[in-house]
Amino acid sequence: MPEMSEKVKKPSSIIVVGMAGSGKTTFLQQLNAHLHSKEKPPYIVNLDPAVKNLPYEANIDIRDTINYKEVMKQYNLGPNGGIMTSLNLFVTKFDQVLNILEKRAPTVDHILVDTPGQIEIFQWSASGSIISDTLASSWPTCIAYVIDTPRSTSTSTFMSSMLYACSMLYKTKLPLIIVYNKCDVQDAEFAKRWMSDFEEFQQAIVQDEGTSAEGATSGYMGSLVNSMSLMLEEFYRHLDFVSVSSVTGEGMDDFLKAVDSKAQEYENDYLPEVERLREIQKQEKEKQKEVQLSKLMKDMHVSKEDAPAETISDAEEDEYDGELIEPDEEEPSEEAAQDILRQYRISLGIPDDVSDEKLLGLLTERMQK
Ligand SMILES: Nc1nc2c(ncn2[C@@H]2O[C@H](COP(=O)(O)OP(=O)(O)OP(=O)(O)O)[C@@H](O)[C@H]2O)c(=O)[nH]1
């Protein structure tokens, strides 16, 4: 039944990031038009509260719930602080956004997410991480890093841009596609060569610096550039890169192919890693709970094996030589015991309406398991 399998298919979410003016919004507009022409309309989320006019219709728009100008006024913030706070406020409602997305997800192939102009606001804010992690825990998700190709012909801009992309990959751990935009103005072949041929990139540095080959490869800057180039060489191996023009529409199919390959990478690499980390976190939490309980029992002068005994004489009958009450240890006062219980009640989140006896009983029961 092909219809069924189509419904089960998960959409890919694409988070579009890039420096201010790199062409994110125009790229999304073109991608949207391209997908419409293929009769596969995407679902679009706009996270830029400060954008004045969107050249496409967003299905979910941060501006519908957050008034960025009001936020600036109320919190006495500048433009960047205003965008950051707007994003933070929006994230508090992101569960609602996710509910809507979950309803729509079976009917679309792509969820496109436009981000604020200032890349660092999305990349370095807690809300940016929450949004990307939340999307990635639901569907295959990748980052489309849009680069202004004409502005990247200088080796220093190119390297800065790549280091930024690398830090983004490091922070989100999500599959990343480099989108060389504006290729109608500047062909991206030079960048592709620099990414595949370390020596050619070094030659370009020499030319840009206007120094001799020795000058560029010696001294502090030379060794820094060398190390960075080597590090980036490794980074490039994990990337897909495409050149597009958001004005002419060139390269959109290549981009969609890259998205499919990244969805595969998400399933093969990202997801198992996230599940492994989740399992470790779960085990850590369990361990912490056990430590807390053992500490409680110790504080209450009750040992694991000692706990089930109904009376002291029962305990004495057992031939247990473990961590029992030291006879010469001072018994805690009633007040101290209450205090300890209160602390554990808070740390374990046991509500007040559970009596102390019941709490102790519950804890003892857990210790026995
Ligand atoms: N020639 C050419 N111009 C482009 C292309 N993509 C975007 N532009 C132009 O680049 C400028 C910036 O594009 P935007 O889409 O606003 O860039 P942005 O990254 O969303 O900008 P911010 O939201 O301010 O960060 C606009 O003047 C666009 O027309 C392209 O592929 N080719």
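What you see is a predicted model; the values in this text were computed from it and never measured.

Criteria and cut-off values
- Residues numbered from 1 in each chain as written.
- Predicted model: local features only at pLDDT ≥ 70, side-chain atom pairs only at ≥ 80, totals over all residues.
- Heavy atoms only, no water.
- Helix = DSSP H or I, 4+ residues; strand = E, 2+ residues; numbered from the N terminus.
- Buried < 20%, exposed > 50% of the residue type's maximum accessible area, 1.4 Å probe, protein only.
- Contact = heavy atoms within 4.5 Å.
- Areas by Shrake-Rupley, 256 points an atom, 1.4 Å probe, with all protein chains shown as cover.
- UniProt positions renumbered as here; feature names shortened; annotations may be inferred.
- Salt bridge = Lys/Arg side-chain N within 4 Å of Asp/Glu carboxyl O.
- Polar contact = N/O pair within 3.5 Å; in protein donor to acceptor, adjacent residues only side chain to side chain.
- Near = heavy atom within 4 Å.
- Nonpolar A, V, L, I, M, F, W, Y, C, P; charged D, E, K, R; others polar.
- pLDDT = per-residue confidence, 0-100.
- Phe/Tyr/Trp six-rings, centres within 6.5 Å; stacked < 30°, edge-to-face > 60°.
- Lys NZ or Arg CZ within 6 Å of the ring centre and 35° of its normal.

Time to look at the overall build of the protein chain. What the protein chain contains, in helices and strands, is 17 helices and 7 strands. The buried share of the protein chain, reckoned over its 369 residues, is 43%. Look at the contacts in the protein chain between residues 6 or more apart in sequence, and 75% of them connect residues 24 or more apart. Counting only carbon and sulfur atoms, one obtains 51% of the accessible surface of the protein chain, whose full area is about 20,800 Å².

Following the UniProt record, the feature "domain: AAA+ ATPase" (unreviewed entry) maps to residues 10–153 here. Secondary structure across residues 10–153 divides into 47% helix and 18% strand, with the first and last C-alpha atoms of the span separated by 38 Å.

Now for the pattern of salt bridges. Two side chains bearing opposite charge may form a pair once their charged atoms approach each other closely. By the definition in use, this model includes 11 salt bridges. Across the salt bridge formed by D61 and R63, the nearest N and O atoms sit 2.8 Å from each other. Across the pair R276 and E273 runs a salt bridge whose closest N-O atoms are separated by 2.9 Å. On the criterion of helical spacing, the pair formed by R276 and E273 is a turn pair, its members being 3 residues apart in helix α14 (residues 252–299).

Looking now at the environment of T157. Topologically, T157 is positioned in helix α9 (residues 155–172). Those residues within four positions of T157 in sequence are excluded, and the remaining contacts are R151 and S152. Engagement of the side chain of T157 in a polar contact is seen with the side chain of S154, the distance being 2.9 Å.

Locating D148 in the fold gives a position in strand β5 (residues 141–148). Polar side-chain contacts of D148 include one of 3.1 Å to the side chain of K182. With residues near it in sequence (within four places) discarded, D148 still touches G21, S22, N181 and K182.

Attention shifts here to the environment of L47. Tracing the sequence through the fold places L47 in the loop between β2 (43–46) and β3 (60–61). With 66 residues separating them along the chain, L47 and V113 place their C-alpha atoms 7.1 Å apart. When sequence neighbours within four positions are dropped, the list of residues in contact with L47 reads I62, L87, F90, V113, D114, T115, P116, F122 and I131.

Below, the discussion takes up the site of the ligand. As a structural note, the neighbourhood of the ligand is formed by 16 residues, with K24, T25, T26, D184 and S246 the closest of them. A distance of 3.1 Å separates an oxygen atom of the ligand from a polar side-chain atom of K182. Between the ligand and S246, the relevant distance is 2.7 Å, taken from an oxygen atom to a main-chain nitrogen or oxygen of the residue. The dominant element in the shell around the ligand, judged by the number of residues it contributes, is helix α2 (residues 24–37), at 3 residues. Classifying every residue of the shell around the ligand by side-chain character gives 4 nonpolar, 9 polar and 3 charged.

The predicted model of the protein chain has a mean per-residue pLDDT of 81, with 82% of residues at 70 or higher. Overall, residues 308–329 carries pLDDT values under 50, and its contacts beyond four positions in sequence, including any with other chains, amount to 14 contacts.

It is worth spelling out the packing of aromatic side chains at this point. Aromatic rings in a pair are described by how distant their centres are and how their planes are angled relative to each other. Counted by the stated rule, this structure contains 8 aromatic pairs. Relative to F201, the ring of F158 has its centre 5.7 Å away and its plane inclined at 55 degrees; by these criteria the two rings are tilted. Here the residue F158 occupies a position in helix α9, and F201 occupies one in helix α11 (residues 198–209), the gap between them amounting to 43 residues. Given the relative accessible area of 1%, F158 is considered buried. Taking the relative accessible area as the measure of exposure, F201 reaches 4% and is therefore buried. Judged by centre distance (5.0 Å) and plane angle (85 degrees), the ring pair of F190 and W194 falls under edge-to-face. Separated by 4 residues within a single helix, F190 and W194 lie in helix α10 (residues 189–196), roughly one turn from each other. Using a relative accessible area of 10% as the deciding quantity, one classes W194 as buried. Taken together through their ring pairs, the aromatic side chains of F158, F190, W194 and F201 make up a single cluster. Sitting over the ring of Y170, K173 keeps its end group 5.6 Å from the ring centre.

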